[in-house]
Amino acid sequence: MARLVLASASPARLSVLRSAGVAPIVRVSAVDEDALAAALGPGAPPAVVVTELARAKAADVVPGLVRDSLGDDTLVVGCDSMLLVDGQLQGKPGTVEVARERWRAMAGRSADLLTGHSVLRLRDGEVVAQAADHSSTTVHFGRPTADDLEAYLASGEPLQVAGAFTLDSLGGWFVERIEGDPSSVIGIGLPLVRRLLADVGVSVARLWAANTAESPSV
Ligand SMILES: Nc1nc2c(ncn2[C@H]2C[C@H](O)[C@@H](COP(=O)(O)OP(=O)(O)OP(=O)(O)O)O2)c(=O)[nH]1
């Protein structure tokens, strides 16, 4: 059947998939991202960090799927996005102060938005195939005026997204251009997920057939 499960709380990722013709089942992982990143160590390459976080998120939702009899011919996708600025990975700012400082550092400059992806294929409750990788997109930021930046911060949007910006929402006013896959900046890179699905033996056509908006989502 090739039912798709999105192991993410991200409304952006869900929106990208729905716009791309796939209505996934959503299961939110309970991965402690900070603890996992710390366990990987300070020297872990950024691409490894986001990919391992994506792997952990996908793996975390499998037991619940099996318990709910959703572990047969099911695909699970997990993702993690972070912005690489001056060699440092940045997740969500969380506060206005942190978001303001980040914008002051990145305005007029470029940085790489890294998104890790993990795809698991389940059959009879077992992981029978898996594939993981990351994508990187260079983002060239504009220079918001002080008034525009304060208004953006006041919107609350930049506090809850990796890198304190969005491409497809309010932050789009302050992104000059990108070099790479726009969907991966938003949170799930469709071209890379297509390749990872092919690695576990599933085509996009099959995904469309099995996960239309009318398909059951539990
Ligand atoms: N709409 C939009 N959201 C973005 C953009 N860039 C990053 N984000 C969001 C997507 C994710 O929700 C969030 C990145 O944080 P995470 O990768 O940790 O995901 P999140 O904690 O939201 O959900 P998850 O860990 O997958 O359950 O930032 C963008 O350009 N547009």
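The chain appears in an unreviewed UniProt entry as Nucleoside triphosphate pyrophosphatase from Rhodococcus aetherivorans. UniProt annotates the chain under Function (unreviewed entry) with the comment "Nucleoside triphosphate pyrophosphatase. May have a dual role in cell division arrest and in preventing the incorporation of modified nucleotides into cellular nucleic acids."

### Overview of the overall build of the chain
Helix and strand counts for the chain come out as 9 helices and 7 strands. A compact globule built from 218 residues should have a C-alpha radius of gyration of about 17 Å, and the chain, at 18 Å, falls within 12% of that. Seen through its principal axes, the chain has C-alpha atoms that stretch 55 × 40 × 25 Å. For the chain, buried positions account for 48% of its 218 residues. Across the chain, the fraction of contacts at a sequence separation of at least 24, relative to all contacts at a separation of at least 6, is 73%. Carbon and sulfur atoms provide 53% of the accessible area of the chain, an area that totals close to 10,000 Å². Averaging the coordinates of the 19 positive side-chain charges in the chain and doing the same for the 26 negative ones gives two points 3 Å apart.

### Thoughts on the UniProt feature "active site" (unreviewed entry) in the chain
Here the UniProt-annotated "active site" (unreviewed entry) positions come out as Asp80. Along the chain, the position of Asp80 falls in strand S3 (residues 74-85). A relative accessible area of 2% means that Asp80 is categorised as buried. Within the structure, Asp80 has its side chain in polar contact with the side chain of Lys57 (distance 2.8 Å).

### Digging into the site of the ligand
In the vicinity of the ligand there are 19 residues, among which Ser8, Lys57, Lys92, Leu167 and Asp168 approach most closely. Taking Ser8, its side chain carries an N or O atom lying 2.6 Å from an oxygen atom of the ligand. Within the side chain of Asp80, a nitrogen or oxygen atom sits 3.5 Å from an oxygen atom of the ligand. Relative to its unbound accessible surface of 620 Å², the ligand loses 90% to contact with the protein. When residues of the shell around the ligand are assigned to their parent elements, the largest contribution, 3 residues, is made by S3. Classifying every residue of the shell around the ligand gives 9 nonpolar, 4 polar and 6 charged.

### Points about the packing of helix H5 (residues 96-106) against helix H6 (residues 146-155)
Between H5 and H6, the least distance of the axes is 10 Å, while the angle of their chain directions is 140°. In the packing of H5 onto H6, the handedness of the crossing is right-handed. Listed contacts from H6 to Val96, Ala99, Arg100 and Trp103 of H5 are Leu149, Glu150, Tyr152 and Leu153.

### Overview of the nonpolar core
Core analysis: the biggest nonpolar cluster contains 21 residues, and Leu75 and Val77 have the highest contact counts within it. Only strand S1 (3-6), helix H1 (11-19), S3, helix H8 (190-199) and helix H9 (204-210) provide two or more residues apiece to this core. Looking at which element gives the most residues to this core, the answer is H8, with 4 residues. Non-local contacts of Leu75, meaning those with residues more than four positions away in its chain, are made with Ala2, Arg3, Leu4, Val5, Val119, Leu120, Arg121, Leu197, Val200, Val202 and Leu207. Counting residues in each nonpolar core, the second largest holds 18 residues, with Ala111, Leu149, Tyr152 and Ala164 among its members.

### Section: the pairing of strand S6 (residues 126-141)
Here strand S5 (residues 110-123) runs beside S6; their pairing, made up of 14 bridges, is antiparallel. Bridge assignment links Leu120 to a residue of S6, and that residue is Gln130. Hairpin remark: S5 followed by S6, antiparallel, with 2 residues in the connecting loop; positive phi at Asp124, about 50°.

### Thoughts on the packing of helix H2 (residues 33-40) against helix H3 (residues 46-60)
One way to put it is that H2 packs onto H3 with a least axis distance of 10 Å and a crossing angle of 130°. In terms of orientation, H2 lies oblique with respect to H3. In the crossing of H2 with H3, the sense of the turn from one axis to the other is right-handed. Packed against H2, whose contacting residues are Glu33, Leu36, Ala37 and Leu40, the element H3 presents Val48, Val49, Glu52, Leu53, Ala56 and Lys57 at the interface.

### Here's the deal with the pattern of salt bridges
For the structure shown, the criterion picks out 11 salt bridges. Across the salt bridge formed by Glu179 and Arg177, the nearest N and O atoms sit 3.6 Å from each other. For Arg177, a relative accessible area of 48% gives the class partly exposed. One salt-bridge network, held together by shared partners, links Arg27, Arg67 and Asp68.

So, how was this worked out
- Residues numbered from 1 in each chain as written.
- Predicted model: local features only at pLDDT ≥ 70, side-chain atom pairs only at ≥ 80, totals over all residues.
- Heavy atoms only, no water.
- UniProt positions renumbered as here; feature names shortened; annotations may be inferred.
- Helix = DSSP H or I, 4+ residues; strand = E, 2+ residues; numbered from the N terminus.
- Rg over C-alpha atoms; globule rule 2.2 N^0.38 Å.
- Buried < 20%, exposed > 50% of the residue type's maximum accessible area, 1.4 Å probe, protein only.
- Contact = heavy atoms within 4.5 Å.
- Areas by Shrake-Rupley, 256 points an atom, 1.4 Å probe, with all protein chains shown as cover.
- Lys, Arg positive; Asp, Glu negative; His and termini not counted.
- Charge placed at Lys NZ, Arg CZ, Asp CG, Glu CD.
- Polar contact = N/O pair within 3.5 Å; in protein donor to acceptor, adjacent residues only side chain to side chain.
- Near = heavy atom within 4 Å.
- Nonpolar A, V, L, I, M, F, W, Y, C, P; charged D, E, K, R; others polar.
- Axes fitted to C-alpha atoms, helices over the stretch in contact; angles between N-to-C directions.
- Left-handed = near helix turned anticlockwise from the far one by under 90°.
- Core = buried A, V, L, I, M, F, W, Y, C linked by side-chain atoms within 4.5 Å.
- Pairing = 2+ DSSP bridges.
- Parallel < 35°, antiparallel > 145°, perpendicular 65-115°, else oblique.
- Salt bridge = Lys/Arg side-chain N within 4 Å of Asp/Glu carboxyl O.

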